[in-house]
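Tertiary structure, described
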Amino acid sequence: MKAHDGMYIDGAWRDADGRDAIDVVNPADGQVIGQVPAGTALDVDTAVRAARAALPGWSATPPAERAARLSALRDVLVARKDEIAETITAELGSPLKFSQSVHAAAPIAVAGSYAELAATYAFEEKVGNSVVHHEPIGVVGAITPWNYPLHQIVAKVAPALAAGCTIVLKPAEDAPLTAQLFAEAVHEAGVPAGVFNLVTGLGPVAGQALAEHPGVDLVSFTGSTAVGRRIGAAAGAAVKRVALELGGKSANVILPSADLAKAVNVGVANVMSNSGQTCSAWTRMLVHRDQYDEAVALAAEAAAKYGDRIGPLVNAKQQERVRGYIEKGVAEGARLVAGGPEAPREEGFYVSPTVFADVTEDMTIAQEEIFGPVLSILRYDDEEEALRIANGTVYGLAGAVWAGDEAEAVAFARRMDTGQVDINGGRFNPLAPFGGYKQSGVGRELGLHGLTEYLQTKSLQF
């Protein structure tokens, strides 16, 4: 798609406040493929004012009509799914097949789920001698990341629209073209002017202005824990609601009774998916001491198959960051069994699929989120040690457990301090709540729980 040189505000593309622009770079070859405006605080203010003006009308719109607009939005996304996939491949570097099957398909499912929820949710209920109203929180400031550019947008915008909120979206500056395409889809779906607004720009400028704006009632942010802390502090000063989906260092616990080959192969695939740029990736593989050497060999063999199958990292800064973590892993005594810090190609921001063995829980690569195709394999002696290691980080976003007996895996999963656990390779469910414990965030996205993040409650007593 051709980039717009303005902001989508109040139902139309409008000139930005300033003249500064952000280059959009294809990470596969480092070439500039477009430019978008670098929004200012004035652009954010204009967008928030448009959202506030549209709020009374949209919040009073019957849920069935809101559901109809969401259904229409889903249909537009279906009609443009090939363009969506091609755009994400161009600005994120994702292999086209993955863009089609995941990046374009998942948001369609999520949009459809909120069309159904908007039509069926009980926005009013009788509780004893009270009538309880579930009302929209108001104007939402949505700040989204680059790693799943459309999915993360839809996971915030769709429930906000279903709830009756109006929205100002500030997408990541590394993947703004997908956000512009989404704005076109919203317009085509007939969502009223001002209900959805888009401001592109840098996080410290446009993102900060949006998070701190007094006209925003809730800030929904997905990104790093460090930025999430700052947003939480700013929102706290204003006594403003926040929903924060932050970092992860998820454990993939393989119990001795599991199908070891399957657990290892699926675990490696999970880490390499999206070039490792997934907050919920199972980047720590925990294996019993008696099976450790076999698991390491299987993981090294599996990782070698991804050399030509994964895309680049999003930009040069991220490439260098991940390579720096690999170098630190070596320096701290971990053993490389696949990959390494050397760039596998001369052009583009690629990192080799990397597997570390002999990782101990105190190493940096076992504690910090790397956000690249890097797997650490740790050994344990018994289930209690495995549980302690699995819970032994500041994060708690996701995880996995494998066992020959499902009940055994479930019993272990119930003791993990994390928001989502896959049992024996369980599939992603767009209707299940997604979010973390500890420093992995506040609140939940997707499904019914994602809808309620955008609602506030009023009770009337009779």
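Counting from 1, residues in each chain are numbered in the order their sequence is written. Since the coordinates come from a predicted model, pLDDT governs what is reported: local features require at least 70, and pairs of side-chain atoms require 80 or more to be given and counted, while whole-chain, interface and lining totals use all residues. Just so you know, side-chain values use all the structure's heavy atoms and leave hydrogens and water out.

Going by the annotation in an unreviewed UniProt entry, the name recorded for the chain is Aldehyde dehydrogenase family protein, with Streptomyces rochei given as the source organism. Turning to the chain, the UniProt annotation filed under Sequence similarities (unreviewed entry) states: "Belongs to the aldehyde dehydrogenase family." UniProt positions are given in the numbering used here, feature names are shortened, and annotations may be inferred rather than shown by experiment.

Tallying secondary structure elements over the chain gives 15 helices and 20 strands in all. The globule rule used here is 2.2 Å times the number of residues to the 0.38 power, and the radius of gyration it is set against is calculated over C-alpha atoms. Against the compact-globule benchmark of 23 Å for 462 residues, the chain has a radius of gyration of 22 Å, which places it among compact chains. By its C-alpha atoms, the chain is 65 × 60 × 40 Å across when sized along the principal axes. Counting only residues that meet the buried cut, the chain has 57% of its 462 residues in that class. Residue pairs in contact within the chain that sit at least 24 positions apart in sequence constitute 73% of those at least 6 positions apart. In this description, accessible areas are obtained by the Shrake-Rupley approach with a 1.4 Å probe, and a residue is regarded as covered only by the protein chains that are shown. A total of about 18100 Å² of accessible surface is found on the chain, and carbon and sulfur atoms cover 51% of it. Counting rule applied: Lys, Arg positive; Asp, Glu negative; His and chain ends not counted. Just so you know, the charge point we use is NZ for Lys, CZ for Arg, CG for Asp and CD for Glu. Distance between charge centres in the chain, computed from 38 positive and 55 negative side chains, equals 3 Å. Where helices and strands are cited, they refer to DSSP runs of H or I of at least four residues and of E of at least two residues respectively, numbered from the N terminus. Only protein chains enter the accessibility calculation, which uses a 1.4 Å probe. A residue is then buried if its area is under 20% of the maximum for its type, exposed if over 50%, and partly exposed in between. The contact rule is simple, with two residues in contact once any of their heavy atoms fall within 4.5 Å.

According to UniProt, the feature "domain: Aldehyde dehydrogenase" (unreviewed entry) maps to residues 13-459 in the numbering used here. Taken end to end, residues 13-459 has its terminal C-alpha atoms 40 Å apart, with 43% of it in helix and 19% in strand.

Below, the discussion takes up the side chain of Glu453. By secondary structure assignment, the location of Glu453 is in the loop between helix 15 (447-452) and strand 20 (455-461). Buried and without a salt bridge, Glu453 has Arg241 as its closest oppositely charged side chain, separated by 4.9 Å. Polar side-chain contacts of Glu453 include one of 3.0 Å to the backbone nitrogen of Arg444. Sequence-distant contacts of Glu453, defined by excluding residues within four places in its chain, comprise Leu218, Arg241, Ala243, Gly443 and Arg444. Whenever Lys or Arg places a side-chain nitrogen within 4 Å of a carboxyl oxygen from Asp or Glu, that contact is recorded as a salt bridge. Residues adjacent in sequence count toward polar contacts only when both atoms are side-chain atoms; beyond that, a polar contact is any pair of N or O atoms within 3.5 Å, and within protein one must be able to donate a hydrogen and the other to accept it.

Spatially, 14-15-16-13-12-17-18 is the arrangement adopted by the 7 strands of the open sheet, whose pairing is mixed. Sheet topology places strand 14 (335-338) and strand 18 (422-423) at the edges, where each strand pairs with a single neighbour. Fitting a line to C-alpha atoms yields each axis, with helices limited to the stretch in contact; the angle taken between N-to-C directions then spans 0 to 180 degrees. Packing against the sheet, helix 9 (residues 260-272) makes contact with strand 12 (251-254), strand 13 (284-288), strand 15 (354-357), strand 16 (374-380) and strand 17 (399-402), and its axis sits at approximately 170° to strand 12. Those strands touched by helix 11 (residues 316-331) are strand 14, strand 15 and strand 16, and its axis lies near 20° from that of strand 15. Note on pairing: two strands pair once DSSP finds at least 2 bridges between them.

So, about the sheet that holds strand 20. Reading across the sheet, the 3 strands line up as 5-6-20 and stay open at both edges, with antiparallel pairing between neighbours. The sheet is open, and its two borders are formed by strand 5 (124-127) and strand 20, each paired with just one other strand. Strand-to-strand, the axes of this sheet are offset by a mean angle of 25°, without reference to chain direction. When strand 6 (residues 130-136) meets strand 20, the two strands line up antiparallel, connected through 7 bridges. The residue of strand 20 that forms the bridge with His133 is Lys458.

Moving on, we get to unusual backbone geometry. In this structure, Val239 is a non-glycine residue whose phi angle is positive, near 50°. As for its position among the elements, Val239 is in the loop between helix 8 (225-237) and strand 11 (241-245). Here the phi dihedral of Asn274 falls at roughly 60°; this positive angle occurs in a residue that is not glycine. Inspection of the secondary structure assignment puts Asn274 in the loop between helix 9 and strand 13.

Let us now look at the nonpolar core. Residues belong to one nonpolar core when they are buried, are Ala, Val, Leu, Ile, Met, Phe, Trp, Tyr or Cys, and are joined through side-chain atoms within 4.5 Å. Counting 63 residues, the largest nonpolar core has Leu70, Leu77, Phe182 and Phe196 as the members making the most contacts within it. Of all the elements, helix 5 (residues 149-163) adds the most residues to this core, at 10 residues. For Leu70, the contacting residues outside a window of four places in its chain are Tyr114, Ala115, Ala118, Ala158, Leu161 and Ala162. Counting residues in hydrophobic clusters, the runner-up holds 29 residues, among them Ile326, Ala366, Ile389 and Ala409.

Turning next to the environment of Arg321. Along the chain, the position of Arg321 falls in helix 11. A C-alpha to C-alpha distance of 8.9 Å links Arg321 and Phe371, two positions 50 residues apart in sequence. Other than its neighbours up to four places away in sequence, Arg321 contacts Glu369, Ile370 and Phe371.

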